[in-house]
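Spelled out from the first residue to the last, the chains are:
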Amino acid sequence: MCSMPTYNLGNGVTMQGIGLGTWQCSDEEVRAAVLEALRVGYRHIDTAWMYMCEKGVGQGIMDWVEEGGDRKDLFVVTKLPTNANRAKDVERLLDKQLTNLGLDYIDLYLIHGPIGMVNTGDDLEMFSKDEEGFFNFDYNTDLIALWSGMERMVENGKAKTIGVSNFNEKQIERILKVCKIRPANNQVEIHAYFSNKGIVEYCKSQGITVCAYAPLGSPKRGFGPKDLNEMEDPVIIELSKIYNKSPGQILLRHLIQRGIIVIPKSGNPARIRENFCILDFELQSEDFEKIENLDKNQRSFDLSIPGIPIKKQHPEYPF
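No experiment lies behind these values; they were computed from the predicted model shown.

Calculation rules
Residues numbered from 1 in each chain as written. Predicted model: local features only at pLDDT ≥ 70, side-chain atom pairs only at ≥ 80, totals over all residues. Heavy atoms only, no water. Helix = DSSP H or I, 4+ residues; strand = E, 2+ residues; numbered from the N terminus. Rg over C-alpha atoms; globule rule 2.2 N^0.38 Å. Buried < 20%, exposed > 50% of the residue type's maximum accessible area, 1.4 Å probe, protein only. Contact = heavy atoms within 4.5 Å. Areas by Shrake-Rupley, 256 points an atom, 1.4 Å probe, with all protein chains shown as cover. Lys, Arg positive; Asp, Glu negative; His and termini not counted. Charge placed at Lys NZ, Arg CZ, Asp CG, Glu CD. Axes fitted to C-alpha atoms, helices over the stretch in contact; angles between N-to-C directions. Left-handed = near helix turned anticlockwise from the far one by under 90°. Nonpolar A, V, L, I, M, F, W, Y, C, P; charged D, E, K, R; others polar. Parallel < 35°, antiparallel > 145°, perpendicular 65-115°, else oblique. Core = buried A, V, L, I, M, F, W, Y, C linked by side-chain atoms within 4.5 Å. Expected span 1.5 Å × (residues − 1). Salt bridge = Lys/Arg side-chain N within 4 Å of Asp/Glu carboxyl O.

Participant: Lay out the overall build of the protein chain in plain terms, naming residues and giving numbers.
Facilitator: The secondary structure content of the protein chain amounts to 10 helices and nine strands. At 19 Å, the protein chain has a C-alpha radius of gyration in line with the 20 Å of a compact globule built from 319 residues. Principal-axis analysis of the C-alpha atoms places the extent of the protein chain at approximately 55 × 45 × 35 Å. Out of the 319 residues in the protein chain, the part that is buried amounts to 55%. Long-range pairs, those at least 24 residues apart, make up 74% of the contacts in the protein chain with a sequence separation of at least 6. Per element, the accessible surface of the protein chain, about 13900 Å² overall, is 48% carbon and sulfur. For the protein chain, the centre of its 37 positive side-chain charges and the centre of its 45 negative side-chain charges are spaced 1 Å apart.

Now the structure itself:
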């Protein structure tokens, strides 16, 4: 049995290598999923304002605490929405998120993306359109000022650590040159068909941990390439038979062996347990390489929103 990989983020914080993702869940669904995951042994829960299920996540955590669990044992991640990508909005949004989650602090607070959106006055209206029907970008996004606002959340105790999501190397480099608190983590799309090796290698060289969203390729995302499902790839199917593991377990184990944190999402109790049980085997080097060779450089999440056209791309577009 391999031990759970953990990553030291500084400030006395340790991040577990396997977490529960919560995108595309209702409050009711995620409450049950979080409680089941914590019962199974997960201690890392990932959510976001944009997912609109933070209240359910908080209720699931409270249910577990009432069963005897200790909040101090948990690692909770949430994210600042892009319509609040301004230094003056950070604390206001985080306060709302802490209220939703029923928590006093967040273990890791991420900027959800480098692109700023106009705030219409309704924080829940995250992807608004301008007068012409185009993406309502805030073209004045200042990532350095924004990062200073994030640092204040650590200084005032509302976040233990801070990081970014969907940032590229140049954007992180700009922050590293001036920051008081270094980014602890970059959460980006990574899976067998999109290895994203450039940003992974860069972050590791800078001592920044990397978390993979969509680690199974997000086959039920509802947009993007529809003919690519790596869990049905013949190589993955073959390996699942050899190791007597599910395709999902093979894919997650591959990322764990790359030194990448994974946050598979599921509301199914059996699948939640299955995704966690990937520490009792290890891919042999030749099998690991077989999965490495599946990379198609196929990004599924390009930060566009179906149905909202873009007139002029944002200057901080990372890809």
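Participant: Talk me through the packing of helix H3 (residues 87-101) against helix H4 (residues 143-155); I want residue IDs and the actual numbers.
Facilitator: Contact pair H3 / H4: the axes reach a minimum separation of 7 Å and the direction vectors enclose 35°. Relative to H4, H3 is oriented so that their crossing is right-handed. Taking contact as the criterion, the partners of Ala87, Val90, Glu91 and Leu94 in H3 are, on H4, Ala145, Leu146, Gly149, Met150, Arg152 and Met153. Partitioning the contact of H3 with H4 into residue classes produces seven nonpolar, one polar and two charged.

Participant: An account of the packing of helix H1 (residues 27-40) against helix H9 (residues 269-276) is needed here, citing residue identities and associated values.
Facilitator: Direction vectors running N to C along H1 and H9 enclose 40°, while the axes themselves pass 10 Å from each other. Taken together, the axis directions place H1 and H9 in an arrangement best described as oblique. Between H1 and H9 lies a crossing whose hand is right-handed. Facing H1, whose interface residues are Ala33, Glu36, Ala37 and Val40, H9 presents Pro269, Ile272, Arg273 and Phe276.

Participant: Let's hear about the nonpolar core: which residues, and what values?
Facilitator: Counting 77 residues, the largest nonpolar core has Tyr109 and Ile172 as the members making the most contacts within it. Dropping the residues within four chain positions of it, Ile172 is found in contact with Val164, Phe167, Asn186, Ile199, Tyr202, Cys203 and Ile208. By size, the runner-up hydrophobic cluster in this structure holds 15 residues, among which are Met15, Leu108, Cys211 and Ile263.

Participant: A description of helix H2 (residues 54-66) should follow, citing residues and the corresponding values.
Facilitator: A turn of α-helix holds 3.6 residues, and therefore any two residues three or four places apart point the same way. When the terminal C-alpha atoms of H2 are compared, their 18 Å separation across 13 residues agrees well with the 18 Å that a helix rising 1.5 Å per residue should span. Those residues of H2 not exposed but buried are Glu54, Gly56, Val57, Gly58, Gly60, Ile61, Asp63 and Trp64. Buried-residue contacts for H2 involve H1, strand S3 (44-46), strand S4 (75-80) and H3. Where H2 terminates, the next one or two residues include Gly68, which has phi positive at roughly 120°.

Participant: If you had to explain the environment of Gly56 to someone new, which residues and values would you point to?
Facilitator: For Gly56, the location among the structural elements is in helix H2. Once residues within four sequence positions are removed from consideration, Gly56 is found in contact with Asp27, Val30 and Arg31.

Participant: So what's going on with the pattern of salt bridges? Residues and values would help.
Facilitator: A side chain of one charge can pair with a side chain of the opposite charge when the charged atoms of the two come close. Counted under the stated rule, the structure contains 20 salt bridges. A salt bridge links Arg86 to Asp138, with the shortest nitrogen-to-oxygen separation between them at 2.8 Å. Of this pair, Arg86 sits in the loop between S4 and H3 while Asp138 sits in the loop between strand S5 (106-111) and H4, placing them 52 residues apart in sequence. By the burial criterion, Arg86 is buried, and Asp138 matches it.

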